[in-house]
Amino acid sequence: MKAKTAIAIVEWTSLPLLLFAGLLVISGYGLTSEAARNASLGLLTFSRSQAIHLSRLVKLGFVSLLLLHTYAGTEVLAKKMEKNNRKLAALMEYSVLAFLIYVGWIAVNGEFGG
């Protein structure tokens, strides 16, 4: 992947990833904390928190953005490292890619597996 493409992916996935992460955190607190529900001024009820937090679309959207963002960020870092140590950069790239494939596999199996 070219460095410009990787940087563009990191930039474009940053805000949606932040929004998904915030939504998951806030809805999680809405499930467990009466204080969090009160602080939301009635917008966050237990049933809304549950619907958001357990939504397949929200979870898979978050994981997809996380994987894409992490892979592109790793590519940017690897391109910077290549100048000093090409083998270490390649090892990092392939190790992170293998880990991300594993995480994606777990997420898909968790949502669609039996």
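Structure: above.
Source: prediction; values computed, not measured.

Right, let's get into the overall build of the chain. For the chain, the helix and strand inventory stands at five helices and zero strands. Reading the chain from its N terminus to its C terminus gives the helix and strand order α-α-α-α-α. The C-alpha radius of gyration of the chain comes to 18 Å, more than 25% above the 13 Å expected for a compact globule of 114 residues. If you line up the chain on its principal axes, its C-alpha atoms span 55 × 35 × 20 Å. Here the contacts in the chain between residues at least 6 apart in sequence split such that 60% fall between residues at least 24 apart. Accessible surface for the chain amounts to roughly 7,800 Å². Of this, 70% is attributable to carbon and sulfur atoms.

With that settled, the discussion passes to the packing of helix α1 (residues 3–32) against helix α4 (residues 56–81). Between α1 and α4, the least distance of the axes is 8 Å, while the angle of their chain directions is 145°. The hand of the α1/α4 crossing is left-handed.

Side chains of Phe 99, Tyr 102, Trp 105 and Ile 106 sit close together on the surface and give an oily, nonpolar patch of about 480 Å² of accessible area. With respect to the helices and strands, Trp 105 occurs in helix α5 (residues 86–112).

Cut-off values and rules
- Residues numbered from 1 in each chain as written.
- Predicted model: local features only at pLDDT ≥ 70, side-chain atom pairs only at ≥ 80, totals over all residues.
- Heavy atoms only, no water.
- Helix = DSSP H or I, 4+ residues; strand = E, 2+ residues; numbered from the N terminus.
- Rg over C-alpha atoms; globule rule 2.2 N^0.38 Å.
- Contact = heavy atoms within 4.5 Å.
- Areas by Shrake-Rupley, 256 points an atom, 1.4 Å probe, with all protein chains shown as cover.
- Axes fitted to C-alpha atoms, helices over the stretch in contact; angles between N-to-C directions.
- Left-handed = near helix turned anticlockwise from the far one by under 90°.
- Patch = residues over 30% accessible without salt bridge, like charges linked within 9 Å, V, L, I, M, F, W, Y side chains within 5 Å.
- Salt bridge = Lys/Arg side-chain N within 4 Å of Asp/Glu carboxyl O.

Without other data, these values stay purely geometric and don't point to any function.
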